[in-house]
Amino acid sequence: MALRGRPMAGWLAVPYLDLPTWLTPAQRGTVVALAERNDAAHGDELLGLVLSGSAARDLATGLSDLDVMVVLTDRAAADRSTEKSQEVDEIVEAWSDLTTVAPFGTEYWWYRWSYAWAPVLLDRTGGALADAVRRQATLSPDEADAVLVDHDRLDGWLNFAYRALKNDRDGRAVEARLDAAESVPWLLDVVFAMAGRVRPYNKYLPWELREHPLEGWAADDLLGLVQRTLDGDASAVRETFARVRTACTAHDRRRGHTRTTDMVDGWGRELAIFDGTGG
């Protein structure tokens, strides 16, 4: 599994690394040096390298560094810690950690999105590493149901949206805007869970929606609804509710149950405020 045995001083790993085309020459050189250094230090216990952060999504600026996950056997990882410099953060990842999927709401849940759309630069596991990277950023159908129903993200979104509309109805503009803004993270958890994906960090939301669209949610449509909701626009909250309700029906049909539609319908007469007739 060593990188062709490190045959001579000055050997370059470029032929054996899958480097994104958008990396600058300086970034490519940094990654090559990192690969050589870790191969020299760990040999066969270096299982792979994964690029994350802004550089992984072609969003790096002049102030961005490289975030490279150095995947090691558990034994090798036990003797290493993350190393940071001005050019690169070498984030040490033990194999058992990479292949363990953290449930929603646990300490490492939010770390899972760091693997979304992350280029695998080196995989010495015959594809198992690449599969593990993809798995971290996706939700199984049961996980999606857990996010939506068991962890109440759908019900929580409805709660904040409902309160925003009540405040708007009663002329409490600041309160309406606050509740509308509070609803947005819950909404994003809902729409991404229905797509079987971990919600992105806010920094990457527009990028992901445009580069990897959600079915049924055109990027500009969803971003527009989010922006209007953050502005306290009651009509945006109502439009979003109608779309989420339709999405719940489709989700339940795919899953062969009625869990999300039952959760929405459980609000009963309170739902009238979403079409402007009550509440």
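Residues numbered from 1 in each chain as written. Predicted model: local features only at pLDDT ≥ 70, side-chain atom pairs only at ≥ 80, totals over all residues. Heavy atoms only, no water.

Draft legend 1. Looking closely at the packing of aromatic side chains. Scanning the entire structure with this criterion turns up seven aromatic pairs. For the ring pair Tyr111 and Tyr115, a centre distance of 5.8 Å and an interplane angle of 80° mean the geometry is edge-to-face. Of the residues examined, Tyr111 reaches a relative accessible area of 31% and is grouped as partly exposed. Cluster of aromatic residues (ring-pair linked, three or more members): Trp113, Tyr201 and Tyr204. Here Arg57 stacks its cationic end above the ring of Tyr204, 5.2 Å away from the centre of that ring. Residue placement shows Arg153 over the ring face of Trp186; its charged tip is 3.7 Å from the ring centre. (Phe/Tyr/Trp six-rings, centres within 6.5 Å; stacked < 30°, edge-to-face > 60°. Buried < 20%, exposed > 50% of the residue type's maximum accessible area, 1.4 Å probe, protein only. Lys NZ or Arg CZ within 6 Å of the ring centre and 35° of its normal.)

Draft legend 2. Quick look at the sheet that holds strand S1 (residues 46-52). Strand order in the open sheet formed by five strands is S3-S4-S2-S1-S5, and the pairing between neighbours is mixed. Both edges of this open sheet fall to strand S3 (83-84) and strand S5 (120-123), since each of them pairs with a single strand only. Note that strand S2 (residues 66-72) and strand S4 (residues 88-94) share seven bridges and pair parallel. Bridging across to S4, Val71 finds its partner in Glu93. Helix-sheet contacts for helix H1 (residues 25-42) involve S1, S2, S4 and S5, and the interaxial angle to S2 is about 20°. Contacts between helix H5 (residues 128-136) and the sheet are confined to S1, S2 and S5, with S5 contributing the most and set at about 140° to the helix. (Pairing = 2+ DSSP bridges. Helix = DSSP H or I, 4+ residues; strand = E, 2+ residues; numbered from the N terminus. Contact = heavy atoms within 4.5 Å. Axes fitted to C-alpha atoms, helices over the stretch in contact; angles between N-to-C directions.)

Draft legend 3. Spotlight on the environment of Ala146. Residue placement: Ala146 occurs in helix H6 (residues 141-150). Of the residues examined, Ala146 reaches a relative accessible area of 18% and is grouped as buried. A sequence separation of 42 residues divides Ala146 from Phe104, and the C-alpha atoms of the two residues are 8.0 Å apart.

Draft legend 4. Up close: unusual backbone geometry. Even without being a glycine, Asp58 presents a positive backbone phi close to 55°. Relative accessible area serves as the criterion here: at 47%, Asp58 is assigned to the partly exposed category. Of note, Asp152 is a non-glycine position whose phi angle comes to about 60°, a positive value. Note that Asp152 resides in the loop between H6 and helix H7 (153-169). Residue class for Asp152 comes out partly exposed when judged on its relative accessible area of 36%.

Draft legend 5. Structural detail: H7. If you check H7, its first and last C-alpha atoms are 24 Å apart, about what 17 residues at 1.5 Å a residue would give, namely 24 Å. All of the buried residues in H7 are Arg153, Leu154, Gly156, Trp157, Leu158, Phe160, Ala161, Tyr162, Ala164, Leu165 and Asn167. (Expected span 1.5 Å × (residues − 1).)

Draft legend 6. Structural context of the environment of Asp168. Turning to its location among the elements, Asp168 is positioned in helix H7. Taking the C-alpha atoms as reference, Asp168 lies 8.4 Å from Gly232; in sequence the two are 64 residues apart. In contact with Asp168, not counting residues within four places along its chain, are Ala176 and Ala234.

Draft legend 7. Region of the structure containing the layout of surface pockets. For the largest pocket, the calculated volume is near 360 Å³. Every residue lining the largest pocket is counted, 14 residues in all, and those nearest its centre are Glu215, Gly216, Trp217, Ala247 and Arg254. Among the elements of the structure, helix H8 (173-194) and helix H11 (234-255) are those that each provide at least two residues to the lining of the largest pocket. Counting residues per element, the lining of the largest pocket draws most heavily on H11, which supplies six residues. (1 Å grid on protein atoms, 1.4 Å probe; cavity = no way out; pocket = protein on both sides within 12 Å on 5 of 7 lines; lining within 4 Å. Points joined across faces, edges and corners; volume = space filled by probe spheres on them.)

Draft legend 8. Inspection of the nonpolar core at higher detail. By size, the foremost hydrophobic cluster in this structure holds 48 residues, and its most contacted members are Leu154, Trp157, Val191, Leu209, Val244 and Phe274. Secondary-structure elements contributing two or more residues to this core are H6, H7, H8, helix H9 (205-211), helix H10 (219-230), H11 and helix H12 (259-265). The dominant element in this core, judged by the number of residues it contributes, is H8, at eight residues. In this structure, Trp157 is in contact with Ser183, Trp186, Leu187, Thr240, Phe241 and Val244, ignoring residues within four places of it in sequence. Formed by 23 residues, the second largest nonpolar core is a distinct cluster that contains Leu46, Leu72, Ala76 and Ala77. (Core = buried A, V, L, I, M, F, W, Y, C linked by side-chain atoms within 4.5 Å.)

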